[in-house]
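Report on the structure
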Amino acid sequence: MRNLLRTILLLMSIVLYGQQEKQNTYFDLNYFGGNIALHNNSIAHLIKGHPEGFIFSWNKQTFGNEAWEQRYNYPDYGASFIYQDLKSETLGNNFGLYAHYNFYFLKRNVMLRIGQGLSFSTNPYDKIENPKNVAFGSDILSSTYVMLNYKKDRLFNRFGIQAGLTLIHYSNANVKAPNTSVNTIAFNLGVNYHLDSEESEFVETVNDEKFTEKIKYNFAFRSGINESDVIGSGQFPFYVLSAYADKRLSHVSAIQFGADVFFSNFLKELIYYQSVSLPEENVSGDEDYKRVGLFVGHELFINRISVESQLGYYIYYPFDFEGRTYIRIGLKRYFGKKLFGAITLKSHGAKAEAVEFGIGVRL
């Protein structure tokens, strides 16, 4: 705890180092403490206490110089660093870096922050040194955090306060087994400090006339590596071919319909493993590892970045793995009007299958 306090004091000294030129930026520092949610009975032995830590963030304000800023009520964007003591020798501590957006509601008194990044675990699973850590199979984890806060800026000169609830999720998305993941639900209390002595004025010029587009056709290729839940079964590449149509309904929204073809090589190994080791599963070993799915989706446009969410159903499903429905959610980044890159998470309910890195074209 003493080292945590020293780190907080050091970060506060950085925050208080003001600048004279116009920045439209601010820092915030939040302490949090809470509980690990028991979403899976297999992690019950890992919950030893109440995790705590801090979130240090740099934020850039927007004031409506671009149309998307006005449509989303002048959000902030920025970067965060999270330190968390999970209060378990088996789990260790986590250090994470994130990119985030802050969205505002109720006359800007309520802030919703959504952050996505990578976290480093100091004590991941090791079959000899740390076999009880079934939550983190690797030292690098994908991490998401959501913060819902009541926030007041500039209560005391440039200082403000904020408080609320924070959810932090850690998972390696089955890149390497085991991967039961950890979710922390916590209360946070913090201060924020603006580098500028006065707030800039918001610009209000957008005339949100009706906007639609003709149906566009998308083709995407996604890939990555993953492993089944059988520890030590090996990491294998996977490939996904997607084709879908989308219809833009407004400046911020589009609907989708399309198909995926999955070439998941980890299923080859899992099919073989079950055929020779688990006769009660009635797997012959000759089942096809490929799958085909149909999906409907939605795309939320934020500047050149969009949030994509899809719900799919396998129409070709020769081997039973986690059920016939699947979910995909993630971020897309457009490069010009046609090309895009994407990072998405594919899961079956709360059970992640893979992180997909994709490229595509919208025609």
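Residues numbered from 1 in each chain as written. Predicted model: local features only at pLDDT ≥ 70, side-chain atom pairs only at ≥ 80, totals over all residues. Heavy atoms only, no water.

1. Focus: the packing of aromatic side chains
- Here the structure, examined in full by the defined rule, presents 23 aromatic pairs.
- Here Tyr83 and Phe95 contribute two aromatic rings whose centre-to-centre distance is 5.2 Å and whose plane-to-plane angle is 50 degrees, an arrangement assigned as tilted. Separated by 12 residues along the polypeptide, Tyr83 in strand β3 (residues 76–85) and Phe95 in strand β4 (residues 93–105) bring together distant segments of the chain.
- Taking relative accessible area as the criterion, Tyr83 reaches 15% and is therefore assigned buried.
- The class for Phe95 is partly exposed, based on a relative accessible area of 33%.
- Ring centres of Phe262 and Tyr314 lie 5.8 Å apart, and the angle between their planes is 70 degrees; this geometry places the pair in the edge-to-face category. In this pair, Phe262 is assigned in strand β11 (residues 253–264) and Tyr314 in strand β13 (residues 305–316), connecting sequence segments 52 residues apart.
- Judged by its relative accessible area of 0%, Tyr314 falls in the buried class.
- Ring-pair connections join several aromatic residues into one group, and the members of that group are Trp68, Tyr72, Tyr77, Tyr101 and Phe103.
- Of note, Arg108 hangs over the ring of Tyr104, and the distance from its end group to the ring centre comes to 4.0 Å. (Phe/Tyr/Trp six-rings, centres within 6.5 Å; stacked < 30°, edge-to-face > 60°. Helix = DSSP H or I, 4+ residues; strand = E, 2+ residues; numbered from the N terminus. Buried < 20%, exposed > 50% of the residue type's maximum accessible area, 1.4 Å probe, protein only. Lys NZ or Arg CZ within 6 Å of the ring centre and 35° of its normal.)

2. Re the pattern of salt bridges
- Within the structure shown, the criterion is met by 15 salt bridges.
- Its salt-bridge partner being Lys332, residue Glu308 comes within 3.5 Å of it at the nearest N-O pair. Of the two residues, Glu308 is situated in strand β13 and Lys332 in strand β14 (residues 325–335); the sequence distance between them amounts to 24 residues. Of the two residues, Glu308 and Lys332, both sit in the buried class.
- We note a salt bridge from Arg328 to Glu356, for which the minimum N-O separation is 2.8 Å. With Arg328 in strand β14 and Glu356 in strand β16 (residues 351–362), this residue pair connects regions lying 28 residues apart in the sequence. Here Arg328 matches Glu356 in class, with each residue buried.
- Shared partners join several salt bridges into a network, and the residues in it are Glu52, Asp85 and Lys87. (Salt bridge = Lys/Arg side-chain N within 4 Å of Asp/Glu carboxyl O.)

3. Some words on the nonpolar core
- In this structure, Ile82, Leu91, Phe136, Tyr145, Ile168, Tyr170 and Val182 are the most contacted members of the largest nonpolar core, which totals 21 residues.
- Of all elements in the fold, only β1 (25–36), β4, β6 (140–156), β7 (159–171) and β8 (182–194) reach the threshold of two or more residues within this core.
- Ignoring anything within four residues of it in the chain, the contact list for Leu91 reads Ile36, Leu46, Leu86, Ser121, Asn123, Asn133, Ala135, Phe136 and Val182.
- Membership of the second largest hydrophobic core comes to 14 residues, among which are Ala220, Tyr314, Tyr317 and Phe340. (Core = buried A, V, L, I, M, F, W, Y, C linked by side-chain atoms within 4.5 Å. Contact = heavy atoms within 4.5 Å.)

4. A closer look at the environment of Ile302
- Residue position: Ile302 is located in strand β12 (residues 290–302).
- Using a relative accessible area of 5% as the deciding quantity, one classes Ile302 as buried.
- For Ile302, the residues in contact, after removing those within four places along its chain, are Trp68, Tyr72, Tyr101, Phe103 and Val307.

5. Re the pairing of strand β10 (residues 236–248)
- Bridge analysis of strand β9 (residues 216–226) against β10 gives 11 bridges, and the strand direction is antiparallel. Residue Lys216 lies in a different strand from β10, and its bridge partner there is Asp246.
- As defined by bridge partners, β10 adjoins β11 across 11 bridges and the pair is classed as antiparallel. Paired with Tyr239 across the strands is Phe263, a residue of β11.
- Connecting β10 to the next strand, β11, in antiparallel fashion are four residues. (Pairing = 2+ DSSP bridges.)

6. Remarks on unusual backbone geometry
- Each neighbour pair has its own omega, and for Ala177 with Pro178 the value is 0 degrees, a cis peptide bond.
- Its location among the elements puts Pro178 in the loop between β7 and β8.
- Phi at Lys107 takes a positive value of approximately 55 degrees, unusual for a residue other than glycine.
- Relative to the elements of secondary structure, Lys107 occurs in the loop between β4 and β5 (110–121).
- The exposed category is assigned to Lys107, whose relative accessible area is 81%.
- The backbone of Ala173 sits at a positive phi, close to 55 degrees, despite the residue not being glycine.
- Within the element layout of this structure, Ala173 appears in the loop between β7 and β8.
- Using a relative accessible area of 2% as the deciding quantity, one classes Ala173 as buried.

7. A look at helix α3 (residues 265–277)
- In this model, α3 (13 residues) spans 19 Å end to end at C-alpha, consistent with the 18 Å of a helix rising 1.5 Å per residue.
- Of all the residues in α3, the buried ones are Asn265, Phe266, Leu267, Leu270, Ile271 and Gln274.
- Where α3 is buried, its residues touch β9, β10, β11, β12 and β16. (Expected span 1.5 Å × (residues − 1).)

8. Quick word on the side chain of Glu353
- Position of Glu353 among the secondary structure elements: in strand β16.
- According to the relative accessible area criterion, Glu353 is buried, its value standing at 3%.
- Side chain to side chain, Glu353 and His348 meet in a polar contact 3.4 Å long.
- Setting aside chain neighbours within four positions, we find Glu353 in contact with Ala173, Asn174, Asn226, Ser264, Phe266, Arg291, Tyr314, Phe321, Lys346, Ser347 and His348. (Polar contact = N/O pair within 3.5 Å; in protein donor to acceptor, adjacent residues only side chain to side chain.)

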